[in-house]
Amino acid sequence: LAAEPTSPNPQYGTHGDLTSSGPSEKMNATFVTLARNTDLWEIARSIRQVEDRFNRNYHYDWVFLNDKPFDETFKKVTSSLVSGKTHYGEIKEEHWSFPSWIDQDKARKVREDMAQRKIIYGDSISYRHMCRFESGFFFRQPLMMNYEWYWRVEPSVELFCDVNYDPFKFMRDNKKKYSFVISLYEYVETIPTLWDSVKKFMKNHPEHIAKDNSLALISDDGGDTYNKCHFWSNFEIGNLEWLRSKQYVDFFEALDKDGGFFYERWGDAPVHSIGASLLLDKSEIHFFNDIAYYHVPFTHCPTGEETRLKLKCHCDPKNNFDWKGYSCTSRFFDLNKLEKPAGWEKEQ
Ligand code: GDP
Ligand code: MN
């Protein structure tokens with residue numbers, strides 16, 4: 001049974017910023033991907049889906065970053081897939097190495113210990129550089145300085161629905177600075193002292209803490225302990241100027257000085273999430289129900305059949321993680337007094 005078209009241009013839904021002549025206004029925005037040359041075919045799949053579901057109508061640029069030079073095949077294939085301009089940047093060593101104050105012996109012992117305890121990526125040096133880079137440096141790469149907004153894309157992710165409006169424009173118009181589609185609890189073994197560092201930062205920089213913050217989302221006891229909730233950062237649409245602000249850079253540098261990227265295995269997801277929760281007003285963080293997304297092993301499939309049909313979604317709503325016990329998204333709705341999408345109870 002075909003759905004009755006309800007608007008003269010049903011393909012583009014109700015936001016109405018796409019006309020037959022294309023988007024009405026282009027934002028100063030880019031996709032950004034950190035990848036190795038060996039990630040080529042996995043990132044190619046992600047790009048193809050982002051293009052088919054969104055960017056073929058918008059032609060935003062795409063910045064690729066790597067700690068090594070990209071090879072010709074990587075550039076040839078990715079530039080043929082992206083409908084906007086592509087840029088390729090090599091990360092300078094300072095942004096992908098041990099800072100001078102890190103005790104190498106101590107860091108090595110931690111890696112050996114974590115390997116024994118089978119903590120995911122616990123023995124990896126490059127993964128730690130990656131997490132520190134994504135936490136503190138991607139937004140200040142020379143190629144990123146020209147842009148105000150970013151959308152992070154990783155290899156092997158999927159987009160299951162049309163994105164029929166411009167999320168960058170949505171964020172600007174609605175005064176959003178950071179956004180997510182999946183939230184969950186962090187493995188405590190990777191961040192045992194992260195919250196101690198955060199508390200020290202809060203004490204040293206009360207002037208940076210937003211008045212109407214989301215501390216209650218990430219702490220159940222007024223800030224004494226961290227409940228491990230975080231937004232999954234392999235998907236992010238956000239404002240680069242916020243990340244480049246004194247508030248966020250001071251926050252990152254305070255954490256970096258404490259060494260937990262190397263003495264533990266702090267992820268960029270809890271770092272961005274805690275930063276957003278403390279430094280932004282809670283109204284500045286957005287949950288995109290209508291951007292359907294998969295990164296192994298979790299799916300965000302929009303709640304609400306009407307949305308899924310309108311956006312030609314191909315995800316199985318049974319796989320939606322939002323309202324399951326290990327997701328923090330329910331807490332986000334409760335804190336912000338948002339009405340949950342109709343039908344959410346059936347997906348618990
Ligand atoms: P996971 O999602 O936490 O399992 O980690 P991934 O393996 O997906 O890595 C996160 C992102 O960093 C992906 O975009 C990877 O392509 C990228 N990445 C991870 N390690 C490296 C590395 O050593 N060099 C480069 N250039 N990119 C990396
Ligand atoms: Mn990944």
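Report on the accompanying structure. (Residues numbered from 1 in each chain as written. Chains lettered and ligands numbered in written order. Predicted model: local features only at pLDDT ≥ 70, side-chain atom pairs only at ≥ 80, totals over all residues. Heavy atoms only, no water.)

## Some words on the sheet that holds strand β13 (residues 293-295)
Right, so step 1: An order of β7-β13-β14 is seen for the three strands of this open sheet, with the pairing classed as antiparallel. With one partner strand each, in any of the chains shown, β7 (158-159) and β14 (298-300) form the two edges of the open sheet.
Right, so step 2: Bridge count between β13 and β14: three bridges; the pairing is antiparallel. Of the residues in β14, the one forming a bridge with Tyr 293 is His 300. (Pairing = 2+ DSSP bridges. Helix = DSSP H or I, 4+ residues; strand = E, 2+ residues; numbered from the N terminus.)

## Topic: the nonpolar core
Right, so step 1: Counting residues in each nonpolar core, the largest one holds 54 residues, and the members touching the most others are Phe 138, Val 198, Tyr 248, Phe 251 and Ile 274.
Right, so step 2: The residues touching Tyr 248, leaving out its near neighbours within four places in the chain, are Ser 135, Phe 139, Trp 242, Leu 243, Val 271, His 272 and Leu 279.
Right, so step 3: Judged by nonpolar contacts, the second largest core, of 40 residues, contains Leu 40, Trp 151, Phe 168 and Trp 232. (Core = buried A, V, L, I, M, F, W, Y, C linked by side-chain atoms within 4.5 Å. Buried < 20%, exposed > 50% of the residue type's maximum accessible area, 1.4 Å probe, protein only. Contact = heavy atoms within 4.5 Å.)

## Things to note about the coordination of the manganese ion (ligand 2)
Perfect tetrahedral coordination of a metal by four donors corresponds to 109.5 degrees between them, and perfect octahedral coordination by six donors corresponds to 90 or 180 degrees.
Right, so step 1: At this site the manganese ion (ligand 2) is bound by Glu 154 (OE) and His 295 (NE2), with donor distances of 1.9 to 2.2 Å. Residue Glu 154 is located in the loop between β6 (149-152) and β7, and its partner His 295 is located in strand β13; the two are separated by 141 residues in the primary sequence.
Right, so step 2: Judged by its relative accessible area of 15%, His 295 falls in the buried class. (Donors = N, O, S within 2.8 Å, 3.2 Å for Na, K, Ca; no water.)

## Looking at the packing of aromatic side chains
Right, so step 1: Tallying each qualifying case throughout the model produces 47 aromatic pairs.
Right, so step 2: Seen from their ring centres, Tyr 58 and Tyr 60 are 6.4 Å apart, and the 10° between their planes marks the pair as stacked. Each member of the pair Tyr 58 and Tyr 60 is classed as buried.
Right, so step 3: The ring of Tyr 263 carries Lys 106 above its face, with NZ or CZ at 4.0 Å from the centroid.
Right, so step 4: We note Lys 257 situated over the ring of Trp 101; from NZ or CZ to the ring centre the distance is 4.3 Å. (Phe/Tyr/Trp six-rings, centres within 6.5 Å; stacked < 30°, edge-to-face > 60°. Lys NZ or Arg CZ within 6 Å of the ring centre and 35° of its normal.)

## Section: the packing of helix α4 (residues 125-136) against helix α9 (residues 246-258)
Right, so step 1: Two numbers describe how α4 lies on α9: the axes approach to 10 Å, and their chain directions differ by 155°. One way to sum up the angle between α4 and α9 is to call them roughly antiparallel. Mapping the contact onto sequence places Arg 132, Ser 135 and Gly 136 in α4 and Tyr 248, Phe 252 and Asp 256 in α9.
Right, so step 2: Taken together, the residues of the contact of α4 with α9 sort by class into two nonpolar, two polar and two charged. (Axes fitted to C-alpha atoms, helices over the stretch in contact; angles between N-to-C directions. Parallel < 35°, antiparallel > 145°, perpendicular 65-115°, else oblique. Nonpolar A, V, L, I, M, F, W, Y, C, P; charged D, E, K, R; others polar.)

## Here's the deal with the pairing of strand β4 (residues 61-66)
Along a regular strand, successive side chains alternate from one face of the sheet to the other.
Right, so step 1: Counting buried positions over the six residues of β4 gives six, a clear majority of the element.
Right, so step 2: Burial along β4 is two-sided: Asp 61, Val 63 and Leu 65 facing one way and Trp 62, Phe 64 and Asn 66 facing the other are all buried.
Right, so step 3: Taken together, the five bridges between strand β3 (residues 29-34) and β4 define a ladder with parallel strand orientation. If you follow Thr 33 over to β4, its bridge partner there is Phe 64.

## What about the pattern of salt bridges?
Right, so step 1: Enumeration according to the criterion identifies 24 salt bridges in this entry.
Right, so step 2: Two residues, Asp 162 and Arg 53, come together in a salt bridge whose shortest N-O distance is 2.8 Å. Pair noted here: Asp 162 is in the loop between β7 and α5 (167-173) and Arg 53 is in helix α1 (residues 40-53), with a separation of 109 residues, a long-range link.
Right, so step 3: Overall, the relative accessible area of 14% leaves Asp 162 in the buried class.
Right, so step 4: Residue class for Arg 53 comes out buried when judged on its relative accessible area of 13%.
Right, so step 5: The salt bridge involving Lys 177 is made with Glu 284; its shortest N-O contact spans 3.3 Å. Note that Lys 177 is positioned in the loop between α5 and β8 (178-180) and Glu 284 in the loop between α11 (268-279) and β12 (285-287), a separation of 107 residues in sequence.
Right, so step 6: Residue Lys 177 is classed as partly exposed on the basis of its relative accessible area, which comes to 27%.
Right, so step 7: One salt-bridge network, held together by shared partners, links Glu 134, Arg 152, Glu 154 and Asp 268. (Salt bridge = Lys/Arg side-chain N within 4 Å of Asp/Glu carboxyl O.)

## Digging into the state of the cysteines
Right, so step 1: Counting across every chain of the model gives three disulfides.
Right, so step 2: A disulfide bridge connects Cys 161 with Cys 313, and the sulfur atoms are separated by 2.0 Å. Residues Cys 161 and Cys 313 share a disulfide whose torsion about the S-S bond is about 115°; that sign makes it right-handed. Taken together, the positions of Cys 161 in the loop between β7 and α5 and Cys 313 in the loop between α12 (305-310) and α13 (329-335) put the pair 152 residues apart, joining distant regions of the chain. Accessibility classification places Cys 161 together with Cys 313 in one group, the buried group.
Right, so step 3: One disulfide in the model links Cys 229 with Cys 328; its S-S distance is 2.1 Å. Of note, the bridge from Cys 229 to Cys 328 carries an S-S torsion of about -90° and is left-handed in sense. Within this pair, whereas Cys 229 is found in strand β10 (residues 229-231), its partner Cys 328 is found in the loop between α12 and α13, the two being separated by 99 residues in sequence.
Right, so step 4: Classification of Cys 328 as buried rests on a relative accessible area of 3%. (Disulfide = S-S within 2.5 Å.)

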